[in-house]
Amino acid sequence: MSSQSSPHHVLVLNCGSSSLKFAILNATTSEEIISGLAERLGSSSPSVKYKYLGKKQLIELAPNQAHSAAIDTLVSLINEHHLAENLIAVGHRVVHGGEHFTKSVLIDDNVIKGITQAATLAPLHGHANLLGIAAAQASFKGLPQIAVFDTAFHQTMGNVAYLYALPYKLYTDYGVRRYGFHGTSHYYVAGQTAALLNQPIEQSNFISAHLGNGCSVCAIKNGKSVDTSMGLTPLEGLMMGTRSGDIDPGLFNFLTTQLNYDAQQIDDLLNQQSGLLGISELSNDCRTIEEAAVAGNEKAILALEMFCYRLAKQIAAFMVPLQRLDALIFTGGIGENSDIIRDKVITQLSYLGLDCDRTANLAALFGTQGIISSHNAKTKAVVMPTNEEWVIALDAASIAQEL
């Protein structure tokens, strides 16, 4: 481990089924030293894009190379640029921690076992996370490896919020319940918003809307998650980029008996072909849909209206556990950059004491934080850029420095 006078850098890894996002951050200052994305792993044209000292570079990998090759390339970059000497830990984003993990932990054999068990609840993400951990353990043998869980922040939800109205033994025997995701993002923006409003997080009631290709809303009461829109998997809840969000479970029977869909086809339909993409028949990219809507495309207009209506409806529902709302927070790629969606949602929620200051709303783009409601608004509307990598780096550094 580096001395107290040396920078404490953390390598943050976010491993997907065919991608690996990485960054090295200074855990004291949040400065980003290097960052990049390995994508299309396992395909005929995998590559690694990275940014170092303000310059963007591209490295093409051999066909069909996957996570181990991406990690090897990352190790080479770290050695080439002499970035290893200040590394004190590797922090892993782990999507699903089940009920095993309520906070970030040092990875050992028991933790691997717990992550493996939870992976059955989110196989696409969970097995990818395990691949990334294994590859990093092989390449960074001297560094502590820390798991930071998307689900951990939501472990404060009560059973009335997290249970499904299914036979109880499905929960006790198989862990079938609502877990929620985007926990590091909701946690981070809640803390930053409390600081912005100059009030203690322990006395703050927020609704956080993380809006990107994946979308979720979280009800935060006195700084703790009490409900969230995603469930057993990241499919439940809001309309998203390509995910349907909430649907009638009876749809499964209709698709299988009337249209001869199998389980994989239904999974693909709900996760990859629905949401903004499915309704607009154009794209899952909100910017593309907004441009088409302005040009008069009726399906693009409908996709945006549906997205905003469902989001506003979910926010309103979370007033039940909160009763009092101090601020509505917009974050994620869409939440931080779509003034159109923010305005539409706030307008539908005016009865909660929210309004939208047009000038402030238009100015809150491209990583800018700020209050976008008027001075007279009873409830604040806030744009708060998220920084999940920073949360992972902080947790990893804290655990590593205690060893």
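For every chain, the first residue of the written sequence is number 1, and numbering continues from 1 along that sequence. Reporting of local features is limited, given that this is a predicted model, to residues whose pLDDT is at least 70; pairs of side-chain atoms are given and counted only at 80 or more, and all residues count toward the totals for whole chains, interfaces and linings. With hydrogens and water set aside, each side-chain value is computed from the structure's full complement of heavy atoms.

A. Molecular detail of the sheet that holds strand 1 (residues 9–15). Strand order across the open sheet formed by 8 strands is 5-4-3-2-1-6-8-7, with mixed pairing between neighbours. Bordering the open sheet on either side are strand 5 (55–60) and strand 7 (105–106), each of which pairs with just one other strand. Strand contacts of helix 16 (residues 388–401): strand 1, strand 2 (20–26), strand 6 (87–94), strand 7 and strand 8 (145–149), with the helix running at about 130° to strand 6, the strand carrying the most contacts. For two strands to pair, DSSP has to find at least two bridges joining them. Strands here are runs of E lasting at least two residues and helices are runs of H or I lasting at least four, both read from the DSSP assignment and numbered beginning at the N terminus. The contact criterion used is simple: two residues touch if any of their non-hydrogen atoms lie within 4.5 Å. To obtain each axis, a line is fitted to C-alpha atoms, and for helices this fit is confined to the stretch in contact; angles are then taken between N-to-C directions over 0 to 180 degrees.

B. Structural view of a nonpolar patch on the surface. Residues enter patches when they are more than 30% accessible in relative terms and free of salt bridges; like-charged ones are connected within 9 Å and nonpolar ones (Val, Leu, Ile, Met, Phe, Trp, Tyr) within 5 Å. In short, Shrake-Rupley with a 1.4 Å probe defines the accessible areas, and a residue's cover is counted only from the protein chains shown. In what follows, salt bridge is the name for a side-chain nitrogen of Lys or Arg lying within 4 Å of a carboxyl oxygen of Asp or Glu. A contiguous nonpolar patch, built from Leu-166, Leu-170 and Tyr-174 and spanning about 310 Å² of accessible area, is present on the exposed surface. Its location among the elements puts Leu-170 in helix 5 (residues 168–174). For Leu-170, a relative accessible area of 30% puts it in the partly exposed group. Relative accessibility decides the category of a residue: with a 1.4 Å probe and only protein chains considered, values under 20% of the type maximum give buried, values over 50% give exposed, and everything between is partly exposed.

C. How the structure looks around helix 1 (residues 67–80). One less than the residue count of a helix, multiplied by 1.5 Å, gives the span that helix is expected to have. Between its first and last C-alpha, helix 1 extends 20 Å over 14 residues, near the 20 Å set by a 1.5 Å rise per residue. His-67, Ala-69, Ala-70, Ile-71, Thr-73, Leu-74, Val-75, Leu-77 and Ile-78 are the residues of helix 1 that are buried. His-82 sits one or two positions beyond helix 1 and adopts a positive phi of about 55°.

D. Representation of the packing of helix 6 (residues 183–196) against helix 16 in the model. Orientation of helix 6 relative to helix 16, taken along the N-to-C sense of each, is 90°, at an axis distance of 8 Å. Taken together, the axis directions place helix 6 and helix 16 in an arrangement best described as roughly perpendicular. Contact residues: helix 6 offers Thr-184, Ser-185, Tyr-187 and Tyr-188, while helix 16 offers Glu-388, Trp-390 and Val-391. Charged residues are taken to be Asp, Glu, Lys and Arg, nonpolar residues to be Ala, Val, Leu, Ile, Met, Phe, Trp, Tyr, Cys and Pro, and polar residues to be all remaining types, Gly included. Here the contact of helix 6 with helix 16 is built from residues that sort into 4 nonpolar, 2 polar and 1 charged. Under this scheme an angle from 65 to 115 degrees is roughly perpendicular, one under 35 degrees roughly parallel, and one over 145 degrees roughly antiparallel; angles in between are oblique.

E. Representation of the pairing of strand 10 (residues 215–221). Of all 7 residues in strand 10, 6 are buried, a share of seventy percent or more. Between strand 9 (residues 205–211) and strand 10, which pair antiparallel one after the other, the connecting turn spans 3 residues. Bridge count between strand 10 and strand 11 (residues 224–228): 4 bridges; the pairing is antiparallel. Across the sheet, Ala-219 pairs through a bridge with Asp-227, a residue of strand 11. Between strand 10 and strand 11, which pair antiparallel in sequence order, lie 2 residues; one of them, Asn-222, sits at a positive phi of approximately 50°.

F. The arrangement of the environment of Glu-31 in detail. Relative to the assigned elements, Glu-31 resides in the loop between strand 2 and strand 3 (32–39). Not counting residues up to four positions away in its chain, the partners in contact with Glu-31 are Ile-24, Leu-25 and Asn-26.

G. Layout of the pattern of salt bridges. Tallied over the entire structure, the rule returns 11 salt bridges. A salt bridge links Glu-39 to Arg-40; its shortest N-O distance comes to 3.7 Å. Exposure remark for Glu-39: the relative accessible area of 18% places this residue in the buried category. A relative accessible area of 39% places Arg-40 in the partly exposed class. Across the pair Asp-227 and Arg-178 runs a salt bridge, and its minimum N-O distance is 3.1 Å. Taken together, the positions of Asp-227 in strand 11 and Arg-178 in the loop between helix 5 and helix 6 put the pair 49 residues apart, joining distant regions of the chain.

H. Region of interest: the packing of helix 10 (residues 286–294) against helix 11 (residues 298–317). Packing of helix 10 against helix 11 leaves a shortest axis separation of 7 Å and a crossing angle of 125°. On the basis of the axis angle, helix 10 is oblique to helix 11. Relative to helix 11, the crossing made by helix 10 is left-handed. Along the contact surface, helix 10 presents Cys-286, Ile-289, Glu-290, Ala-292 and Ala-293, while helix 11 presents Ala-300, Ile-301, Ala-303 and Leu-304. Grouping the amino acids of the contact of helix 10 with helix 11 by side-chain chemistry returns 8 nonpolar, no polar and 1 charged. Rotating anticlockwise by less than a right angle from the far helix to the near helix defines a left-handed crossing, while the corresponding clockwise rotation defines a right-handed one.

I. View of the sheet that holds strand 13 (residues 370–371). Taken in spatial order, the 6 strands line up as 11-10-9-12-14-13 in an open sheet, and their pairing is mixed. A strand with exactly one partner marks an edge of an open sheet, and here the two such strands are strand 11 and strand 13. Summarising the sheet, strand 12 (residues 327–331) and strand 14 (residues 380–383) pair through 4 bridges and their orientation is parallel. Bridged to Ala-327 within strand 14 is Lys-380.

J. How the structure looks around the nonpolar core. Counting residues in each nonpolar core, the largest one holds 42 residues, and the members touching the most others are Ile-207, Leu-211, Phe-307, Leu-311 and Val-345. Elements with a contribution of two residues or more to this core: strand 9, strand 10, helix 10, helix 11, helix 12 (319–322), strand 12, helix 14 (339–348) and strand 14. The element best represented in this core is helix 11, accounting for 8 residues. Aside from chain neighbours lying at most four places away, what touches Leu-211 is Leu-238, Phe-307, Leu-311, Phe-330, Thr-331, Gly-332, Gly-333, Ile-334 and Gly-335. Buried Ala, Val, Leu, Ile, Met, Phe, Trp, Tyr and Cys residues form a nonpolar core when they are joined through side-chain atoms within 4.5 Å. Residues Ile-88, Ile-220, Ala-327 and Ile-392 belong to the second largest nonpolar core, which totals 30 residues.

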